[in-house]
Amino acid sequence: MSEKKKDDQRVVKSAVGEITNAKIKDEEQPKLPWMISSAMFLAPLCWYGPIGSTRSVLIPQLFAQLDPVHKVWAVGILATVASIVGAISNLLFGAFSDVTRTHLGKRKPYILVGTLAVAISLVVIANMKSITAIIFVWIIAAAAENAIAAAIYPQISDRVAPKWRGTVSTFYGVGFTIAQQGFALFAAQFLGDVKFGIYTMAACTVILAVIHVLLIKEGSNLDEPKVSLNKETLKKYFFFPTHDARDFYLALVGKFFMVVGSTIVTTFLLFLFTDYIGQSTGEAGKSISIFSSIMLFIGVFFALLGGPIADKLKRVKAPVVIATFALGFAAFFPLFVKEPWAMFVYAVIAAFGNGLYNSVDGALNMDVLPSSDTAGKDLGLINLANTLGQMLGAMVASAIVEAFGYGAIFIFAICMEIVGGVCILLIKRVH
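Residues numbered from 1 in each chain as written. Predicted model: local features only at pLDDT ≥ 70, side-chain atom pairs only at ≥ 80, totals over all residues. Heavy atoms only, no water.

As for empty space enclosed by the protein
Enumeration over the complete set of coordinates arrives at three cavities of 30 Å³ or more. The computed volume of the largest cavity comes to approximately 580 Å³. Residue lining of the largest cavity: 41 residues in total, with Tyr-48, Phe-176, Gln-180, Asn-386 and Gln-390 positioned closest to the centre. Secondary-structure elements contributing two or more residues to the lining of the largest cavity are helix H2 (34–66), helix H7 (165–188), helix H10 (246–266), helix H12 (281–313), helix H15 (340–367) and helix H16 (375–404). The residue makeup of the lining of the largest cavity, split by class, is 19 nonpolar, 19 polar and three charged. (1 Å grid on protein atoms, 1.4 Å probe; cavity = no way out; pocket = protein on both sides within 12 Å on 5 of 7 lines; lining within 4 Å. Points joined across faces, edges and corners; volume = space filled by probe spheres on them. Helix = DSSP H or I, 4+ residues; strand = E, 2+ residues; numbered from the N terminus. Nonpolar A, V, L, I, M, F, W, Y, C, P; charged D, E, K, R; others polar.)

What follows is the structure, encoded as structure tokens:
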């Protein structure tokens, strides 16, 4: 091997090790970093809360107003297009953030630009009268959403010592639970004025992202070694991991099926209360508020408990498996009973599952990474399973509803959660 090639490999190794593996060691961070923990609590509220609630609550209502006959398929087509964009952009933005060198750092540029693009896209969508045009603009929103998601979570790897990563992941999990349910509850208040509701979501994403960036205090990384783009580094940063990646892919696939199973229920929440159960739009709005309140408060409660219990028992995999199977069990109630209370029972059990999952899943993801060298890309893939699961869940649900009716959604959800739980159960590296 030539001397130059050896030098190039040393540069790659040095750069990789310093970029994505936090410079902060356990002894250098004796106390929990509260500012970073607070920033990571806000992280999912920056992107998933506003755009997720717009996609699951406000966009279905907007489509119902624009084209009541084809509203279900419209939601499904939007999800299909967005899932393709998400699959590409999540992986690319995660990888690009690993090798970025700017005065702002490697993650912040993607968070700021992505947030601005999401906000502008939502404002534009709120003023459109064409479903086709909305779907095209949503392509930009989906790419921007994935840019934020792929850059924001690896900050734990960048800024937190290993001994605190589980705790900080719990902060993120609690925030994600609030983003899921709190924003859905918030968005439901705007079903009577969708345009203003979308404006509100756009404002929320900007305000919360600015607060997150101020708290995380990511500085310049121009002093870090640059990564030369050659055959070796392109394979490392921009392709799926192939070495020691069995458990990583099991976690990724398990998360994907778990998210698909839960998303096909929540995506059509409005239509389940109106078309499946038979409530009016006004009644459905109140039911969604109750449903979301249950999911929020019970979910946060178990998200707060999950992390400490898992740390004490030194078990990360078991709570995630239990949580996934719980989500499948919850779907049995509305499957057999077409009453609002059955959906509320679903909410109670699913809130337990979501809260526990969100709290512990982050620690599981960190433990199964094939290499800390490519944390942005690999955690981007994990985020991709989440984002893609949400989007494909809506697409699949559209086909199921058209072919078999709303009740079949719950059968499909049960099957997806079982598959997801089994995949996570097969992980060997983590207890």
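That covers the picture; the talk isn't over yet.
Digging into the pattern of salt bridges
Following the criterion strictly, the structure yields six salt bridges and no others. Arg-55 is paired through a salt bridge with Glu-145; the nearest N and O atoms lie 3.2 Å apart. Of the two residues, Arg-55 sits in helix H2 while Glu-145 sits in helix H5 (residues 131–152), which places them 90 residues apart along the sequence. Arg-55 sits in the buried class, given a relative accessible area of 11%. The partner of Asp-275 in a salt bridge is Lys-71, and the shortest N-O contact between them spans 3.4 Å. Residue Asp-275 is found in helix H11 (residues 269–276), and its partner Lys-71 is found in helix H3 (residues 71–99); the two are separated by 204 residues along the sequence. Among the residues examined, Lys-71 registers a relative accessible area of 15% and is labelled buried. Via salt bridges that share partners, Asp-98, Arg-107 and Asp-158 belong to a single interconnected network. (Salt bridge = Lys/Arg side-chain N within 4 Å of Asp/Glu carboxyl O. Buried < 20%, exposed > 50% of the residue type's maximum accessible area, 1.4 Å probe, protein only.)

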